[in-house]
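Spelled out from the first residue to the last, the chains are:
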Amino acid sequence: MPSAPSQSPSPSAPAAAGVGAEASTARLILRLCRLAWGYRLQVIRSLVLQLVLLTLTLSGLGLLGLGIDVIGHAFDPLSEANPGGNKPPAWPLGYAPPSAWTSGQQVLLVAGLIAVIGLVRFALEALSAFWIAQLVQDIVVSLRSRVYDKLQRLSFRFFDANESGSIINRVTGDVQAVRMFVDQVLVQVLIMAVSLAFFAGYMLSLHVGLTLVCLLSTPLLWLLTGNFSRIVKPAYLENRRLFDTAIRVLSENAQGVHVVKGFAAQDAEVRRFAAANHAVTTQKRQIFQQVAIFVPLISFLPQLNLVILLIYGGWIYMEDPAFTVGTLVVFSGLLQQFSGQIGNVAQLANSVQQSLTGASRVFEVLDTPLEIQTRADPTPLPAPPAGGKRGGIRFEDVGFRFGKEDAVPALAHLDFEVKPGQLVAVLGATGAGKSTMLSLIPRFYDPTTGRIRLDGVDLRDLPLDALRRSIGIVFQESFLFSNTVAENIAFGHPDATQEQVERAARIASAHGFITEDLKDGYRTVLTEGGNNLSGGQRQRLAIARAVLLDPPVLLMDDPTAAIDPETEGEILAAMASAMADRTTFVVAHRLSTLRRADFVLVLDRGRVVERGTHDELMAKGGHYAEAAGVQAADTESREILGMDEAVDP
Ligand SMILES: Nc1ncnc2c1ncn2[C@@H]1O[C@H](COP(=O)(O)OP(=O)(O)OP(=O)(O)O)[C@@H](O)[C@H]1O
């Protein structure tokens, strides 16, 4: 079947259209808010906790001012004789300690209350951190599963159009970006809005004029923040793209480690990765430079407010008899808290841009339409006729393009019928369209024109799962998972019995080596990609996997392509017994297989140029006869070299 191509993504592919396209920021934010709505109870409970914490902070601050006024008044009370003395403390909520209490006792009471508030704050802050961590985990796990689930159902076109690095990044890093929107943006914005309202309200209650003057610089901060966001947004998008490339280099290297080492290309690979890595770092450095200037600038501006407070607040203290030293201290505390929150705006703007960039990439995956799926009212698979077999396949003027309408068709005007149980051999030069033709049968792609029927029903009308369960597939190179041999054979069918697994292994001539050569037999755990097996053993397991459920149709895409001639014979034997009694399409170049076929399709540039049995095609003297002649000569030379004896099944 077609492996991931090196060509540029097809522009007609649905994901290609979405990738990189800029979703409107407002719509994106709205969508993220809707996503957060799913966690509203957790968000609200965290916010309520934040409100309690805020109230405690303000109470602590108020008590500090009170304590200062108690001390000031005790040492230097205001009186007619002492007009420059300290004004009496104003106890909150109409409470005043008994008149018998000394100033020391009053200070102790205030200090005790501040300590209690501190302890409660500590406990509540720990609880808040725990709740937010829990919320984050819930979001990440559920979103990651949704993206992964969607990836499983997306068609090959999506994977053709998106590099593996980009896909991995979307499931990992970008999903984190979405949760960042909830915990570091949404929750923080709400906390900030409430805090700023509280602080501003408290300051206004203390002195309206002073509050307005001190907060003069705030609009300037918002303006700067807006500009910063606009500047860094494209930079973050570019950064995700560069990171995709770095991950792609890494994953290609891990998968192609044999090629890399075989060609002694480690140094070149190290340089390739270093270049990709360097590109990410250099670009990120540019973002950091902007962040590095912006964040301190935003923190610096509020400092100016303190200068204003000192000058204007000092003057008010002299002029306004109700304005105490304690009030000035409380005001300065509030102003600092206010400025601290405003200072967070810089970080927040940064987080917003990061999270929106990641979120748009996650949504692109979630929004990609499912091109290939079961239609609403599918036709069930027809039952086999009495005493007959299933697996009749009919191609009706089938054409297919990978790209847009103006792309060169990979297949054109394929029109033939295969009766149940027949063996069709497909022959053609490399790139002729053999794998593409086979990939239309399990609906990896749908034909662009014409249709394919299985037992008389259009493939698009059948339930997709049932269709794919009716087809066994062996690829040119088989992918095995790091799991036991038995689980690899039963891949996708965990309910398969040991008996079924062994039967499939016997058909694929794999039972012998599994029980004799592998340490734990069927329970032997394979390393990643089945690297602890030979190529021939891997292909035989793949054949066993394909025939496990005894499918009526078998597709074999040149299973010996990546196998050395010495082990080819083992696979040919396995293929021969796997084909027995089922409709089989086999991409093959071996004369022995071609001879056995009920008919051979010779493909050239996506078209059937010859069709018939081996004898008919030999007699015709066209492409086929030429290819067979070359192979016969090759076989002869191999026989002379004594390489071919056990090969033909
Ligand atoms: N995913 C893809 N996207 C775009 N073009 C593709 C894709 N897969 C294959 N092609 C193109 O379609 C044509 C047919 O490819 P296909 O893999 O079917 O050939 P093949 O006959 O199986 O070749 P081989 O014998 O080398 O496996 C080629 O031109 C190939 O470049």
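Note that the structure is predicted; figures quoted are calculated from it, not measured. (Residues numbered from 1 in each chain as written. Predicted model: local features only at pLDDT ≥ 70, side-chain atom pairs only at ≥ 80, totals over all residues. Heavy atoms only, no water.)

S.K.: Please give an account of the overall build of the protein that cites residues and values.
M.R.: Secondary structure summary: the protein contains 22 helices and ten strands in total. The globule rule puts the C-alpha radius of gyration for 649 residues at 26 Å, and the 37 Å found for the protein is more than 25% above it. Its C-alpha atoms give the protein principal-axis dimensions of roughly 130 × 55 × 50 Å. Evaluated residue by residue, the protein yields a buried proportion of 46% over its 649 residues. Counted over contacts in the protein with a minimum sequence separation of 6, partners at least 24 positions apart contribute 78%. With an accessible surface of roughly 32,100 Å², the protein has 60% of that area assigned to carbon and sulfur atoms. (Helix = DSSP H or I, 4+ residues; strand = E, 2+ residues; numbered from the N terminus. Rg over C-alpha atoms; globule rule 2.2 N^0.38 Å. Buried < 20%, exposed > 50% of the residue type's maximum accessible area, 1.4 Å probe, protein only. Contact = heavy atoms within 4.5 Å. Areas by Shrake-Rupley, 256 points an atom, 1.4 Å probe, with all protein chains shown as cover.)

S.K.: Please give an account of unusual backbone geometry that cites residues and values.
M.R.: Of note, Asp397 is a non-glycine position whose phi angle comes to about 45°, a positive value. Mapped onto the secondary structure, Asp397 falls in strand β1 (residues 393-400). Asp397 gets classed as partly exposed once you look at its relative accessible area, which sits at 38%. Not every positive phi belongs to a glycine, and Asp558 is a case in point at roughly 50°. Here Asp558 shows up in the loop between β7 (553-557) and α19 (565-579).

S.K.: Before we move on, could you go through the sheet that holds strand β4 (residues 449-454) and cite the residues and values that matter?
M.R.: Across the sheet, which stays open at both edges, the four strands sit in the order β2-β1-β4-β5 with antiparallel pairing between neighbours. Of all the strands in the sheet, the pair left with one neighbour each is β2 (411-418) and β5 (457-458). Relative to β2, β1 runs antiparallel, the two being bridged by five bridges. Note on β2: the bridge partner recorded for Arg394 is Glu417. (Pairing = 2+ DSSP bridges.)

S.K.: Now, about the pattern of salt bridges: what can you tell me, with residues and values included?
M.R.: Within the structure shown, the criterion is met by 24 salt bridges. Between Glu125 and Arg121 there is a salt bridge whose closest N-O contact spans 2.7 Å. Residue Glu125 and its partner Arg121 are located together in helix α4 (residues 103-153), separated by four residues, close to a single helical turn. The class of Glu125 is partly exposed, set by a relative accessible area of 39%. (Salt bridge = Lys/Arg side-chain N within 4 Å of Asp/Glu carboxyl O.)

S.K.: Summarise helix α2 (residues 25-37); cite the residues concerned and give the values.
M.R.: In this model, α2 (13 residues) spans 18 Å end to end at C-alpha, consistent with the 18 Å of a helix rising 1.5 Å per residue. Of all the residues in α2, the buried ones are Leu28, Leu32, Leu35 and Ala36. All buried residues of α2 lie within an arc of 100° about the axis, which places them on one face of the element. α2 presents Ala26, Arg27, Leu30, Arg34 and Trp37 as exposed residues on the side facing more than 90 degrees away from its buried surface. (Expected span 1.5 Å × (residues − 1). Arc of directions from axis to C-beta.)

S.K.: Run through the UniProt feature "transmembrane region" (unreviewed entry) in the protein, naming residues and quoting values.
M.R.: When the UniProt feature table is mapped to this numbering, "transmembrane region" (unreviewed entry) covers residues 47-68, 107-124, 185-204, 210-232 and 291-318. Secondary structure across residues 47-68 comprises 100% helix and 0% strand; the distance between its end C-alpha atoms is 32 Å. (UniProt positions renumbered as here; feature names shortened; annotations may be inferred.)

S.K.: Before we move on, can you summarise the pairing of strand β10 (residues 607-612) with the specific residues and values?
M.R.: Pairing analysis gives five bridges linking strand β9 (residues 599-604) to β10, with the strands arranged antiparallel. Within β10, the position partnered with Leu601 by the bridge is Arg611. Joining the antiparallel neighbours β9 and β10 is a turn of two residues, in which Arg605 adopts a positive phi near 45°.

S.K.: Can you explain the sheet that holds strand β6 (residues 471-474)? Please cite residues and give values.
M.R.: The six strands lie next to each other as β6-β7-β8-β3-β9-β10, forming an open sheet whose pairing is mixed. The open sheet is flanked by β6 and β10, the only strands paired with a single partner. Between one strand and the next, the sheet's axes are offset by a mean angle of 15°, whatever the strand orientation. Relative to β7, β6 runs parallel, the two being bridged by four bridges. Each bridged residue has a counterpart across the sheet, and for Gly472 the counterpart in β7 is Leu554. Each of β6 and β7 is contacted by helix α18 (residues 535-547), which is oriented at about 170° to β6, the strand it contacts most. (Axes fitted to C-alpha atoms, helices over the stretch in contact; angles between N-to-C directions.)

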